[in-house]
Structure formats: structure tokens, C-alpha cells
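Descriptive structure summary
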Amino acid sequence: MQKCIKNGPLAQLLNAKKAYPVRPEPWKGPPTVSYRKMFRNQYDTDVTTWSPAGRLFQVEYAMEAVKQGSAAIGLRSKTHIVLGCVNKANSELSSHQKKIFKVDDHIGVAIAGLTADGRVLSRYMRNECINYSFTYESPLPVGRLVVQLADKAQVCTQRSWKRPYGVGLLVAGLDESGAHLYYNCPSGNYFEYQAFAIGSRSQAAKTYLERKFENFTDASRDDLVKDALMAIRETLQGETLKSSVCTIAVVGVGEPFHILDQGTVQQMIDAFEIVGEQEGPAAEPDAAAGQEASAEPEQGAAAGEGVAPMDI
Amino acid sequence: MNFMASKQPENSLLGPEADSQRTLYPYVTGTSVVALKYKDGILMAADMGGSYGSTLRYKNVERMKAIGKHSLLGASGEISDFQEILRYLDDLILYDNMWDDGNSLGPKEVHNYLTRVMYNRRNKFNPLWNSLVLGGIKNGQKYLGTVSMIGVNFEDDHVATGFGNHLARPILRQEWHENLSFEDGVKLLEKCMRVLLYRDRSAINKLQIAKITEEGMTISQPYSLKTYWEFSAFENPTQGAVGSW
């Protein structure tokens, strides 16, 4: 009987080492498992783990997701804000994802990154605006909405059972204190900008905006839209700028937030594309403004050559 | 023997036990508040009486208070409910200030907030037994509104509560005009308050007038109105009166 037990399947149990070490073994370093070689870090498993350098890698990875999304740009003057985004479709057969959302008559948002996360946050923002409007008969100040959004994102960076939102939001809105453009990060930070771009190849757009931003404060609404289109063109890097690859939205004093329709956008593209050919793509700001003003009467003449007439 | 679950949850306000937890009647009440828009902002007047039924029991009750930087609230009705409302508004203004972002709640926002509060309490059969007057000025825009205990709210160039609606409003409709000067506004309010003093038995001759402008709110020291009781109509008031029995 004893022999049976000793050699049978139960033998393992009998002969097993004790579950706890009697004397602890000396620490030989962190366990090295093969998949660890793929990731740079062993402190990136959950968002509530700090790295020794004081970083939260999960949050940084979430910001990486924003950089992978298709580009979104925003720029503002004293009275208007323009949001634009590049429409990327999964395949030629599918339609593109909606990346610009109206949150209220005075606030809109453009997203880059995980569109699903962006939709959920847009719904939250719409809810906050509606509740405030109902209670106070007054529009929610953008600055407050942005802080609420940031605090919501921060929660996800401090709960082990959550993950950060993988979406960056460009929030455009009108306030008592004027026009504002904010960027909300997955980290829970937010920044105010005169102009900004996020998503893939946004650096090209940012370079363009950095050259031009000093003129934005006093720019007219139409000039602002043209600058937005030119910034989007920078992110396309060679691909033709057509109204089908981009979406533009405007909000301003006396102008509730709305997305421009494809026809209007195409007309504006046609207008400045011609100007672009005449003077070269790297135009100086003053020259560009001057040229656009004097180029307008010339559009009529050019119209005969098959280009859509300026109808703004 | 409990065959079925009780029809009302234990914390409902309906049923006999709950009557002690909700407002059924007012006890210490203030009478009319009258207010009008003038050139620089809003002028509001209210006397300092707190009646306990038919007894003029408390004679130093301030029924008008500043709310934040831009608004002025006057109340008639149950004084303890007015104090409760002031506590709600205190919290509201505190959180508004804590944002510290250059935005602030103006009179329109406070008025709508109060409307929501009054209406929601009325829906729960536990009203705040007040008629409120909310006036203020923000960024040059003057605002004057009122909310009743059942949540009825509206804005106008001049408003009043209680007896003021019947005695003061007709005077204001005749004599109010746009861009009254401060002196004319005060004279008009005093005229209304004098009529109320003659005819409203819960009114006392000790009133305050408050004004709110872009610079802020100021409230006068309590003072009394000159009255004249020798009108011939006041002699033998019941002579010629037709009785119903």
C-alpha cells in the first residue's frame, strides 16, 4: 500500500517541497521571462505603478496612441476658432470616422487617437453643457468644461482597474473672456493654445502654424479657415488636398459651432491652391494676406479655366 | 402581520409621520419686497418685520442680502426658509469662486438656479415657503427677476412680492420709466412702501433700501417713512360700508 502511494500519482504530493521556503533564498534579481525582452520596461504593466525614474508608462503609452491617430489641428483668433482634421478611412470601401463633434452651440471638439474613447468623452462633455445650461440658462464656460474633462482623465491614471483614455482632444470654445483653444491629454493635463496640431504627421502642421501664429489673433474668419486648410495640407505630405480628405469646423462670435459642408471647403481649397501656385508654398504671412486680397478679383478671370468661382 | 410591502418607502414625505419633516405652514414671515431697475442698476426695498402670525414679533430682520459680486436677493415668506436658501447660495458662490478662473455667476444664472431649487422642492411637496426677488447687474446688463414658492419665475423692469403685487405694481406701472435716477428711484420705492405701510397690516415702519450697481451692493441703515393719518378717508372708515350680514 505504501509502495503504491509512493510511486503513484500522489507521489508528487508526498515528495513535493514545502510551499514556503524554510530559509529564504537569496534574491537573484527580477524574474526574467522571455516576453519582457519585447518591452523596454518592467514597470508598465499597470497604470498605478511608478517607474524608478518617476514615470507612469501606461499614461505615456496612451499618449502614444494619440500620436498614431490621424491629424487634427486647431487655431484661433480673437473672435473665432477653427478646427480641422484629416479623414482617414479604413479602406476605399468604408467611410471615414467622425472626428469633430459639436458639444454645444459655443463649444466643439476635434479628437485624435482612439475614436471610441473620443466619442464617450464627447458625450460626457455634451451632458455637462446641457446640465449647466438647464440649471443656469447660461452657456458653460469652456475653461470649466476643460478642467472637468481633465479631472475625469486624471482619475483613470490613478485606479488600478482602469486605463487612461487613448484620445487627445482639441477643445474650441467661446467664453465671456473670448475665444479659447485647449488641448486635453490622456494624462489629465490641459493646455491653452493659440494654435496646435495632434496626431500623425502633426509636426509638419505645427511647423507651419509656428511660422504663422502671430497673425492669427487679428485674422479674419476666412483667413483663419485658409490657414487651417494649409496646415492640414502640410500633414498630407504631397497628397492632394481635397474636401473629401478633410473636415473643417468653425465657431465664433455670432457664429454657433458648425461643420462646414464639403462644397464650401472645396471652394476655399480651390481659391488658395491657385494662390499657392502663383507665389510658391512657403509664402510670407504679409505677402499671403496681400496676395489673397488682390487675387480675389483675378478669380473671376480664372473661373473661365474650369475652376469653381469664389462664392464666399 | 405584514402581508405586502408598504406602499410608501420609509423616507417619503407623504403620510402622517412625515408631516413633521416638511413645510406645511409658514411661521415667521416677512411681507412684501419691491424692486425696480434704474439707471445704474437695481433698487430694492423691504421692511424689517418678521411676523409670527398676526403678531409683529421681530423688528430687526434683514430680508435682503448680497449674493456674490453681482446679485441681490430679497425674500418674503418664511424667514427660516430664506436662511436655508442663503446657505444654498453660499455654497454655490463658494464653489464658483473656487474655480478661480475669471468667470462668475451673474444674476441670470443665480435666478435660474433658484428657480430650479424652488420648483424641485415644490415637486417633492416640501416647498421653501418664500417669494424671492433677484436683481443684479453684470457687464452693464441689468437683470431683475422673481421666483415664487411653486417655481413660477419671470423677469421684468419692476417686481414685487405678496401685497406689493396688488398695491405697489400699479403705481410702478404708471410711474416707472427707463433710466430713472437714483433719487427718483428711491422716491418711487418710498411711495410704494408708504402705501404698503398704510394698507398691509404685516408691514412695519422700519425699512431698508438696497442698491446694486457695477461697483457692488450697498444697503441703507434702517429708517422710517413719514406718514399722515389725518386723511378724511381714514376718519370713520366703516361709514357707508356695505356688510354681508
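Note that the coordinates shown come from a computational prediction; the quantities given were computed from them, not determined experimentally. One numbering rule holds for all chains: residues counted from 1, following each sequence as written. Labels follow written order: the first chain is A, the first ligand is 1, and so on. Selection of residues for local features in this predicted model requires a pLDDT of at least 70, selection of side-chain atom pairs for listing and counting requires 80 or more, and totals for whole chains, interfaces and linings are taken over all residues. To get the side-chain values, take all heavy atoms of the structure and skip hydrogens and water.

1. A closer look at the overall build of chain A
Secondary structure elements are taken from DSSP: a helix is a run of H or I of four residues or more, a strand is a run of E of two residues or more, and numbering for both begins at the N terminus. Each helix and strand in chain A was counted, giving nine helices and ten strands. Whether a residue is buried, partly exposed or exposed follows from its accessible area with a 1.4 Å probe, protein chains only, as a fraction of its type maximum: under 20%, in between, or over 50%, in that order. Counting across all 312 residues of chain A, residues that qualify as buried make up 44%. Any two residues having at least one pair of non-hydrogen atoms within 4.5 Å are treated as being in contact. Partitioning the intrachain contacts of chain A with sequence separation of at least 6 by distance along the chain shows that 61% fall at a separation of at least 24. Here the Shrake-Rupley method, with its probe set to 1.4 Å, supplies the accessible areas, and only the displayed protein chains count as covering residues. A total of about 17300 Å² of accessible surface is found on chain A, and carbon and sulfur atoms cover 53% of it.

2. So, the interface of chain A and chain B
On the chain B side, the residues contacting the twelve residues of chain A number 14 residues. Of the roughly 1200 Å² buried where chain A meets chain B, counting both sides, 49% is carbon and sulfur surface. On the chain A side of the interface with chain B, the three residues burying the most area are Y136, R144 and E176 of chain A, jointly 52% of the side's total. A pairing counts as a salt bridge when a side-chain nitrogen of Lys or Arg comes within 4 Å of a carboxyl oxygen of Asp or Glu. Here chain A is connected to chain B by three salt bridges. In this structure, the salt-bridge partner of R144 of chain A is D96 of chain B, at a minimum N-O distance of 2.7 Å. For the side of chain A that touches chain B, the elements supplying multiple residues, two or more each, are helix 4 (115–136) and helix 5 (142–155) of chain A. Sort the elements by how many residues they give to the side of chain A that touches chain B and helix 4 of chain A lands first, with four residues. Note on definitions: buried area is the accessible-area loss of two parts on being combined, 1.4 Å probe, summed for both.

3. Regarding the environment of D100 of chain B
The residue D100 of chain B is located in the loop between helix 1 (79–99) and helix 2 (107–123) in this model. Sequence separation between D100 of chain B and Y27 of chain B is 73 residues, and the spatial gap between their C-alpha atoms is 40 Å.

4. Focus: the UniProt feature "domain: Proteasome alpha-type subunits" (unreviewed entry) in chain A
UniProt positions are given in the numbering used here, feature names are shortened, and annotations may be inferred rather than shown by experiment. In the numbering adopted here, UniProt assigns the feature "domain: Proteasome alpha-type subunits" (unreviewed entry) to residues 43–65 of chain A. In residues 43–65 of chain A, the share of helix is 39% and the share of strand is 0%. The end C-alpha atoms are 18 Å apart.

5. Describing empty space enclosed by the protein
Residues and elements named next belong to chain B. Here the term cavity refers to a set of points on a 1 Å grid, laid over the protein atoms alone, in which a 1.4 Å probe fits but cannot get out; the term pocket refers to an open set having protein on both sides within 12 Å along at least five of seven lines, with lining residues being those that place an atom within 4 Å of a point. Grid points are joined across faces, edges and corners, and a volume is the space filled by probe spheres set on the points. Applying the stated criterion across every chain, the model contains five cavities of 30 Å³ or more. Roughly 90 Å³ of volume is contained in the largest cavity. Lining the largest cavity are 13 residues, with D47, M193, L196, A203 and I204 sitting closest to its centre. Considering each element in turn, the lining of the largest cavity owes the most residues, three residues, to helix 4 (residues 182–199). When residues are sorted by character, Ala, Val, Leu, Ile, Met, Phe, Trp, Tyr, Cys and Pro go into the nonpolar class, Asp, Glu, Lys and Arg into the charged class, and all the rest, Gly among them, into the polar class. Here the lining of the largest cavity is composed, by residue class, of seven nonpolar, three polar and three charged.

6. A short note on the nonpolar core
Only buried Ala, Val, Leu, Ile, Met, Phe, Trp, Tyr and Cys residues count toward a nonpolar core, and they belong to the same one when joined by side-chain atoms within 4.5 Å. Counting 41 residues, the largest nonpolar core has L169 and V171 of chain A together with L73, L89 and L114 of chain B as the members making the most contacts within it. For this core, the element with the most residues is helix 1 of chain B, which contributes six residues. What V171 of chain A contacts, discounting residues up to four positions off in sequence, is I107, G108, V109, M125, V142, V146, L149, H180, L181, Y182 and N184 of chain A.

7. Here we look at the pairing of strand 5 (residues 55–58) of chain B
All names here are of chain B. Two strands qualify as a pair provided that DSSP identifies no fewer than 2 bridges between them. Bridge analysis of strand 4 (residues 50–52) against strand 5 gives three bridges, and the strand direction is antiparallel. Opposite S51, over in strand 5, you have L56 as the bridge partner. In this structure, the hairpin formed by strand 4 and strand 5 is closed by a connection of two residues, where G53 is found at a positive phi of approximately 70 degrees.

8. Some words on the side chain of D175 of chain A
Residue and element names in this part refer to chain A. Along the chain, D175 falls in strand 5 (residues 167–175). For the purpose of counting charges, residues Lys and Arg are taken to be positive, whereas Asp and Glu are taken to be negative. His and the chain ends are not included. No salt bridge is formed by the buried D175; the nearest opposite charge belongs to R144, separated by 7.6 Å. Counted as a polar contact is a pair of N or O atoms within 3.5 Å, where, for protein atoms, one must be capable of donating a hydrogen and the other of accepting one, and residues adjacent in sequence contribute only when both atoms are in side chains. Side-chain polar atoms of D175 contact the backbone nitrogen of V142, separated by 3.2 Å.

9. Observations concerning the sheet that holds strand 4 (residues 107–113) of chain A
All names here are of chain A. Judged by pairing direction, the sheet is antiparallel, and its five strands sit side by side in the order 3-4-5-6-7 without closing on themselves. Because the sheet does not close on itself, it has two edges, and the strands there are strand 3 (100–104) and strand 7 (190–192). In this sheet, adjacent strand axes meet at a mean angle of 25 degrees when their direction is disregarded. With three bridges connecting them, strand 6 (residues 178–184) and strand 7 associate as antiparallel partners. Of the residues in strand 7, the one forming a bridge with N184 is Y190. The strands touched by helix 4 are strand 3, strand 4 and strand 5; relative to strand 3, the strand with the most contacts, the crossing angle is about 15 degrees. The axes used here are C-alpha line fits, helices contributing only the stretch in contact, and every angle between their N-to-C directions lies in the interval 0 to 180 degrees.

10. Quick notes on the layout of surface pockets
A volume near 470 Å³ is recorded for the largest pocket. When contributions to the lining of the largest pocket are tallied by element, the ones reaching two or more residues are strand 5 of chain A together with helix 2 and strand 9 (141–147) of chain B. Residues that form the lining of the largest pocket fall into these classes: eight nonpolar, seven polar and eight charged. Taken as a whole, the second largest pocket holds about 230 Å³ of empty space. What lines the second largest pocket is simply E128, N131, Y132, Y136, L140, R144 and Q148 of chain A together with L92, Y95, D96, W99 and L105 of chain B. Of all the secondary structure elements, the ones that give two or more residues to the lining of the second largest pocket are helix 4 and helix 5 of chain A together with helix 1 of chain B. Considered class by class, the residues forming the lining of the second largest pocket number seven nonpolar, two polar and three charged.

11. A closer look at the packing of helix 4 of chain A against helix 2 of chain B
Between helix 4 of chain A and helix 2 of chain B, whose axes approach to 6 Å, the crossing angle comes to 90 degrees. With respect to helix 2 of chain B, the axis of helix 4 of chain A lies roughly perpendicular. Mapping the contact onto sequence places F134, T135 and Y136 of chain A in helix 4 of chain A and K108, E109, N112, Y113 and R116 of chain B in helix 2 of chain B. Looking at side-chain class alone, the contact of helix 4 of chain A with helix 2 of chain B contains three nonpolar, two polar and three charged residues. The cut-offs work like this: below 35 degrees is roughly parallel, past 145 is roughly antiparallel, 65 to 115 is roughly perpendicular, and the gaps in between are oblique.

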